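The lines below spell out each chain.
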Amino acid sequence: MAIRSATPWPLRWLLAAVVLGFSGALALWAFEFGKEIAGLDRNAKQELEQLRAEVSQLREALGKAQSVANTSESLLTTEKTAQEQLLLQIRQLQADNMTLRSDLGFFERLIPGTGSDALSIRGLQIERVAEAQLKWQVLMIQAEKNAPEFRGQLEISFTGTLDGKPWSAQHAAAPQSVLIKGYLRQEGLVDVPPQAMVKTVTARILQGGAVKALHTIKL
């Protein structure tokens, strides 16, 4: 015995058409959704590439900024060093200027030579640089033109009073050797008692025990 479906064939065709339509709609939706997903992937890749490019640009800019900062720091260091050297040079020039002024004042106050002596002492200066110390300066000149060099000794002596009694001293235990070629300037320091009253200073040029030139000043 055969069993036949009770559903009429037109209805079965209608149901098949509905199922096919639904399947087609579902396939179309899946296709469009896949396209959207693919588009999102492409956009993400593009954004990632753009971000990488921006990071590269930022790194390059950072490198340039660091280079500029290093260069600026180096320039500042160089400028600071140059300023310090310039200050040292200025101080040295000031010291040289003071020395030249001292020399100029020394020569301006020279005592003119008298007579036709071949050797003379043109200037003698004394300055108290400390309570118990004096500084002396003396200039020795050969008045003759093209005079031969002179070898001798220089002696500086001081006289005065100490505690109301006569007092004397010399700048050294023995006369100082000198070699004069036209002129010679000598200077030095001598220690004296703080209470000593120095009244006169005498410079002598000796040769073979004989006095060749002498100059005395009173203080």
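Rules and cut-offs
Residues numbered from 1 in each chain as written. Predicted model: local features only at pLDDT ≥ 70, side-chain atom pairs only at ≥ 80, totals over all residues. Heavy atoms only, no water. Helix = DSSP H or I, 4+ residues; strand = E, 2+ residues; numbered from the N terminus. Buried < 20%, exposed > 50% of the residue type's maximum accessible area, 1.4 Å probe, protein only. Contact = heavy atoms within 4.5 Å. Patch = residues over 30% accessible without salt bridge, like charges linked within 9 Å, V, L, I, M, F, W, Y side chains within 5 Å. Areas by Shrake-Rupley, 256 points an atom, 1.4 Å probe, with all protein chains shown as cover. Salt bridge = Lys/Arg side-chain N within 4 Å of Asp/Glu carboxyl O. Pairing = 2+ DSSP bridges. Axes fitted to C-alpha atoms, helices over the stretch in contact; angles between N-to-C directions. Core = buried A, V, L, I, M, F, W, Y, C linked by side-chain atoms within 4.5 Å.

The chain appears in an unreviewed UniProt entry as DUF6776 family protein from Hydrogenophaga luteola.

Peer 1: When you look at the overall build of the chain in this model, what are you seeing that I'm missing?
Peer 2: For the chain, the count of helices and strands is one helix and eight strands. Along the chain, helices and strands appear, N-terminal first, in the series α-β-β-β-β-β-β-β-β. Counting over 219 residues, the chain shows a buried share of 21%. The contacts in the chain between residues at least 6 apart in sequence include a share of 61% that link residues at least 24 apart.

Peer 1: Just to check I follow, could you spell out a nonpolar patch on the surface for this structure?
Peer 2: A cluster of nonpolar side chains, namely Leu 86, Leu 87 and Ile 90, defines an oily patch on the protein surface of about 250 Å² accessible area. For Leu 87, the location among the structural elements is in helix α1 (residues 9-108). For Leu 87, a relative accessible area of 44% translates into the label partly exposed.

Peer 1: I'm lost on the sheet that holds strand β1 (residues 119-130) in this one. Help?
Peer 2: Working definition: the strands of a sheet are paired by backbone hydrogen bonds and lie parallel or antiparallel to each other. Within the open sheet, the three strands sit side by side as β1-β2-β6. Their pairing is antiparallel. One side of each edge strand has no neighbouring strand; the edge strands of this open sheet are β1 and β6 (183-191). Neighbour to neighbour, the strand axes of the sheet diverge by 15° on average, direction disregarded. Taken together, the ten bridges between β1 and strand β2 (residues 133-142) define a ladder with antiparallel strand orientation. Opposite Arg 128, over in β2, you have Leu 134 as the bridge partner.

Peer 1: How should I be thinking about the nonpolar core in this particular structure?
Peer 2: Nonpolar side chains in soluble globular proteins generally cluster together in the buried interior. In terms of nonpolar packing, the biggest core is built from 24 residues, with Val 138, Met 140, Leu 154, Phe 158, Ile 180 and Ile 205 touching the most fellow members. Breaking this core down by element, the ones donating at least two residues are β1, β2, β3 (150-162), β5 (176-180), β6, β7 (197-207) and β8 (210-218). Excluding residues that lie within four positions of it along the chain, Phe 158 makes contacts with Ile 126, Leu 134, Trp 136, Trp 167, Ser 168, Ala 169, Gln 170, His 171, Val 190, Val 198, Thr 200 and Val 201.

Peer 1: Is there a simple way to explain unusual backbone geometry in this structure?
Peer 2: Most peptide bonds take the trans form, and the phi angle of most residues other than glycine is negative. Of note in the backbone geometry, Asp 163 takes a positive phi value of approximately 55° without being a glycine. Within the secondary structure, Asp 163 is located in the loop between β3 and β4 (165-170). The class of Asp 163 is exposed, set by a relative accessible area of 64%.

Peer 1: In this structure, what is going on with the environment of Leu 139? I would like to understand it.
Peer 2: By the element assignment, Leu 139 lies in strand β2. The exposure class of Leu 139 is buried, given its relative accessible area of 0%. Residues Leu 139 and Leu 124, 15 residues apart in the sequence, show an inter-C-alpha distance of 6.8 Å.

Peer 1: Explain the pattern of salt bridges to me, please; I cannot follow it from the model alone.
Peer 2: Opposite charge on two side chains allows them to pair when their charged atoms are near. The full count for this structure, using the stated rule, is four salt bridges. Across the pair Glu 149 and Lys 181 runs a salt bridge whose closest N-O atoms are separated by 3.9 Å. Residue Glu 149 is found in the loop between β2 and β3, and its partner Lys 181 is found in the loop between β5 and β6; the two are separated by 32 residues along the sequence. Overall, Glu 149 belongs to the partly exposed group, its relative accessible area being 41%. Take Lys 181: its relative accessible area is 57%, and that puts it in the exposed class. Residues Arg 185 and Glu 187 are paired through a salt bridge, measuring 3.9 Å at the closest nitrogen-oxygen approach. Owing to a relative accessible area of 41%, Glu 187 belongs among the partly exposed residues under this scheme. One salt-bridge network, held together by shared partners, links Glu 149, Arg 151 and Lys 181.

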